[in-house]
Structures are given as C-alpha cells and as structure tokens.
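Breakdown of the fold
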Amino acid sequence: MGKTSILRRVVLAGATALAATGFGGSAWAQKTKLTVYTAIENEQLEPFKKAFEADNPTIEIAWVRDSTGVVTAKLIAEKDNPRADAIWGLAASSVGLFASMGMIEPYTPAGAAALKPMFKSGKNPEIWVGMDAYLAVLCFNTAEAAKGKKAKPTSWADLTKPEYKDSIVMPNPSSSGTGYLTVAGWLTLMGEDAGWKFMDALHQNVAQYLHSGSAPCVQAAKGERLMGIGFDMRGASEKTKGAPIDLIVPKEGLGWEMEVTAIMKGTKNLEAAKKLADYSASLKANEMYGKYYAIVANPAVKSMPANYPADGEKLMAKMDVEWMAKNRARILAEWTKRYDSKSAPKAK
C-alpha cells in the first residue's frame with residue numbers, strides 16, 4: 001500500500017473518530033451567545049438556561065441578572081448602545097416603557113395564540129408575551145405576634161393602626177418590581193388621592209423599605225420583623241420550609257404584575273432571540289414556570305404550590321399594565337419624595 005493511501009486512511013479514521021466522539025461537524029461550529037437580561041430569582045437561572053439550551057444547542061445564554069428596578073434602569077441607560085439581545089423575565093410595565101421609547105423589536109412567538117389574553121401585549125406583532133404573574137401578599141409572623149399580643153390584620157387599612165409602628169417592611173418600588181406593583185395596586189384599588197393618603201399613614205409604621213421583593217417575607221419568616229409586604233411565592237416557600245408565618249390576602253384586593261419575554265431592537269442575534277421568544281411561549285416553558293409560580297400564561301398548566309393563598313388569584317386588582325408603564329416615572333418620583341428617608345442603604 002502506498003504512502004498516499006495510508007495517509008488517506010489515517011485522515012479518514014481520524015475524522016470518523018472525531019465524529020463519533022462528538023467533536024466533528026457542527027460541534028466545531030461556534031455557538032451564538034445570547035445576552036439575556038432578567039430579574040427572575042437566582043435559583044431559576046440555571047434551570048431556565050439548561051432547559052432552553054437543551055432544545056437549542058447552537059445558542060448559549062449569558063445572563064445579566066438583578067432586581068427589576070436595577071435592570072430597568074440599566075436597559076434605559078444603555079438605550080443608545082444596547083448590550084442586551086433579549087429579555088426573559090422582567091416586569092411587563094418595564095417592557096411597556098421600553099416599547100414606548102422604541103427599544104423593543106416586535107415579534108409574535110410561535111405558540112402565543114395558546115396563552116391567556118392578559119399575558120399578551122395585544123399588539124400585532126406582539127411587543128411582549130407573558131410568562132407568569134406575581135402578587136404582593138402580607139407575610140405575618142404569628143410567633144412574634146403572640147409575643148407582642150398583636151392582632152392579625154385582614155385589610156390594608158389595618159396596617160395603619162398605631163400598634164404596628166416600626167413593625168412593617170416592604171420593597172422600595174424604585175428598585176423592586178414587587179414594590180412597584182404594590183404601590184400601583186394601591187393607587188388602582190383606592191384611587192390616587194386615597195392611595196397616597198394611605199401610604200402617608202402606612203409610612204408611620206414602616207421600619208424600612210428594602211431593595212428586594214423577596215426580602216420582606218424572608219425577614220418576617222426569620223422573626224426580624226412582625227410582617228413584610230412581599231413576593232407571594234417567596235412567602236409560600238418560607239412557610240413551606242417551616243417559618244411561622246401566615247400569608248394574608250388583604251380583603252381590598254392585590255396589586256400584581258407579570259414577567260414577560262421580549263426582543264431588544266438592534267440585536268445582532270435576531271434569529272436566536274426569536275428562538276428564545278418561541279421557547280418562552282411554549283407549553284414546555286410554561287410547565288417550567290409552573291414549578292415556581294402559581295399563575296402562568298398557558299391555561300393548560302395548573303399549578304398550586306404548597307401554602308399558596310387560595311384566594312390570591314381571585315382578588316387580583318384590574319391592573320392596567322400600560323398605565324403602569326406610562327406613569328412609572330411620575331409615581332416613583334412622588335414616592336421617593338415622600339418616603340425615601342426610610343429606604344435601606346443600597347449594597348455597594
């Protein structure tokens with residue numbers, strides 16, 4: 001056998017071995033790196049990434065994660081030099097604001113028709129599609145209440161009683177999506193004049209405004225505060241872990257928001273971003289959301305986590321996401337002027 005034939009056989013055998021071990025063909029192709037901004041909880045980052053990449057092996061997600069207010073401010077600051085390709089898990093009111101500023105690439109994902117109407121922007125093509133909804137509930141520490149002989153509140157109005165002075169924590173709406181939906185919910189339920197009057201009275205009993213939607217229920221669960229107004233699912237998980245807290249749905253109703261997916265205008269990875277949007281609207285993705293949230297976009301997914309308040313969805317206020325987006329800056333400016341003196345120091 002000639003040297004040329006031997007060399008050819010060696011090359012062919014090597015190529016066959018590479019293909020067999022997964023290093024040949026498309027495995028050599030560089031993956032598309034998709035920069036995705038999000039405010040989902042930290043424990044969701046890896047499961048979401050793995051699930052999407054399993055179905056889309058040529059795309060790799062690079063997360064940029066922070067609280068809703070921080071991510072919103074970051075995206076606005078980067079408006080003229082965008083760094084994000086897509087959003088997967090940010091408040092609809094924030095994304096509505098971006099759309100009004102010309103920052104969103106409209107796209108109707110495959111599978112969007114199956115989603116509940118309230119989980120879609122209603123535009124054609126869609127500006128965003130929803131994933132899940134979250135509420136602001138009251139996490140009340142029953143053990144601490146028993147020590148101080150404090151009554152359990154049943155309404156928002158109850159929180160203004162003098163007996164609760166310095167006993168309440170809630171999220172700062174400038175840095176937390178849960179905080180903003182809470183404030184917007186009060187203004188929706190009570191009307192603006194009565195809403196601000198209520199917050200003036202509540203402020204007297206607030207010990208601190210925290211920079212996280214989860215932190216108030218965590219502090220209440222630990223007994224550091226009597227009660228925290230916070231993220232519904234965090235309250236349910238803390239109670240499931242054994243914390244002596246009750247999750248209270250005030251009888252006037254609740255503010256709520258939804259997490260959504262959207263594509264950023266100007267992305268250089270548009271096709272990959274569209275695949276993310278398609279996946280986000282899929283039944284498979286909604287089943288994943290249902291592991292973390294009680295209320296998800298696809299009506300076929302039934303989720304009721306342990307210790308979640310049964311009347312939560314029934315008492316959701318009629319929130320107007322577009323109004324929340326358009327009035328966000330005005331509401332936050334007014335809130336900051338009135339109440340920022342009790343905000344927790346921001347982490348450096």
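Quick note: structure is the one above.
Let me begin by describing the structure that accompanies this report. Quick caveat, the model's predicted, so the values are computed rather than measured.

**Here's the deal with the overall build of the protein**
- Within the protein, the secondary structure is distributed over 13 helices and 11 strands.
- Along the first, second and third principal axes, the C-alpha set of the protein runs to 100 × 45 × 40 Å.
- For the protein, the proportion of its 348 residues judged to be buried stands at 51%.
- Contacts in the protein between residues far apart in sequence, at least 24 positions, make up 76% of those at least 6 positions apart.

**A closer look at the packing of helix H6 (residues 177–190) against helix H7 (residues 192–203)**
- Running from N to C, H6 and H7 cross one another at 130°; their axes reach a closest spacing of 7 Å. When the axis of H6 is compared with that of H7, the two are oblique. Seen from above, H6 lies across H7 with right-handed handedness. Contacts from Val183, Trp186, Leu187 and Met190 in H6 reach Glu192, Ala194, Gly195, Trp196, Phe198, Met199 and Leu202 in H7.
- Across the contact of H6 with H7, the residue classes tally to nine nonpolar, one polar and one charged.

**Quick word on helix H3 (residues 68–77)**
- Within the span of H3, buried status applies to Thr68, Gly69, Val71, Thr72 and Leu75. The buried residues of H3 all sit within an arc of 165° when viewed along its axis, so they share a single face.

**Side note on the state of the cysteines**
- Considering all chains together, one arrives at one disulfide under this definition.
- Between the sulfur of Cys139 and that of Cys217 lies a disulfide, 2.0 Å long from S to S. Given an S-S torsion of about 75°, the disulfide between Cys139 and Cys217 has right-handed geometry. Taken together, the positions of Cys139 in strand S5 (residues 129–141) and Cys217 in helix H8 (residues 215–222) put the pair 78 residues apart, joining distant regions of the chain. Of the two residues, Cys139 and Cys217, both sit in the buried class.

**A look at the side chain of Lys120**
- Here Lys120 shows up in the loop between strand S4 (104–105) and S5.
- The buried charged residue Lys120 lacks any salt bridge, with Glu126 as its nearest oppositely charged partner at 5.2 Å.
- Within the structure, the side chain of Lys120 is placed 3.3 Å from the backbone oxygen of Ala112, a separation counted as a polar contact.
- Excluding its chain neighbours within four sequence positions, the residues that come into contact with Lys120 are Ala112, Ala113, Leu115, Glu126 and Trp128.

**So, the pattern of salt bridges**
- Considering all chains together, one arrives at 20 salt bridges under this definition.
- Glu41 serves as the salt-bridge partner of Arg234, at 3.2 Å between the closest nitrogen and oxygen. Taken together, the positions of Arg234 in helix H9 (residues 232–240) and Glu41 in the loop between strand S1 (32–38) and helix H2 (42–55) put the pair 193 residues apart, joining distant regions of the chain. Glu41 shares its class with Arg234; the two are buried.
- Residues joined by salt bridges that share partners form a network here, namely Glu41, Glu43, Arg234, Glu238 and Lys241.

**A short note on unusual backbone geometry**
- Omega for the bond connecting Asn124 with Pro125 falls within 30 degrees of zero, at 0°, which places this linkage in the cis form.
- Despite not being glycine, Asp166 shows a phi value in the positive range, around 60°.
- The backbone phi angle of Asn307 is positive, close to 65°, even though this residue is not glycine.
- If you trace the backbone, Asn307 turns up in the loop between strand S11 (295–296) and helix H12 (321–326).
- For Asn307, a relative accessible area of 35% puts it in the partly exposed group.

Criteria and thresholds
Numbering of residues begins from 1 in every chain and follows the order in which that chain's sequence is written. Side-chain atom pairs in this predicted model are given and counted only at pLDDT of 80 or more, local residue features only at pLDDT of at least 70, and totals for whole chains, interfaces and linings cover all residues. Excluding hydrogens and water, the side-chain values take into account all heavy atoms of the structure. A run of H or I in DSSP becomes a helix once it reaches four residues, and a run of E becomes a strand once it reaches two; helices and strands are each numbered from the N terminus. In this scheme, a residue with accessible area under 20% of its type's maximum is buried, one over 50% is exposed, and one in between is partly exposed, where area comes from a 1.4 Å probe on protein chains only. The contact rule is simple, with two residues in contact once any of their heavy atoms fall within 4.5 Å. Note on method: axes are straight lines fitted to C-alpha atoms, helices fitted across the in-contact stretch only, with angles between N-to-C directions ranging 0 to 180 degrees. By the definition adopted for this analysis, an angle is roughly parallel if under 35 degrees, roughly antiparallel if over 145, roughly perpendicular if from 65 to 115, and oblique otherwise. The crossing is said to be left-handed when, going from far helix to near helix, the turn is anticlockwise and less than a right angle, and right-handed when the turn is clockwise. Any residue that is not Ala, Val, Leu, Ile, Met, Phe, Trp, Tyr, Cys, Pro, Asp, Glu, Lys or Arg is counted as polar, Gly included; the first ten are nonpolar and the last four charged. Relevant arc is that of directions from the helix axis to the C-beta atoms, nothing else. Only a pair of cysteine sulfur atoms within 2.5 Å counts as a disulfide in this structure description. His is not counted, nor are the chain ends, whereas Lys and Arg count as positive and Asp and Glu as negative. We define a salt bridge as a contact between a side-chain nitrogen of Lys or Arg and a carboxyl oxygen of Asp or Glu at a distance within 4 Å. By the criterion applied in these results, polar contacts are pairs of N or O atoms within 3.5 Å in which, for protein atoms, one can donate a hydrogen and the other can accept it, and in which residues neighboring in sequence qualify only through two side-chain atoms.

Shape descriptors only; they carry no functional weight alone.
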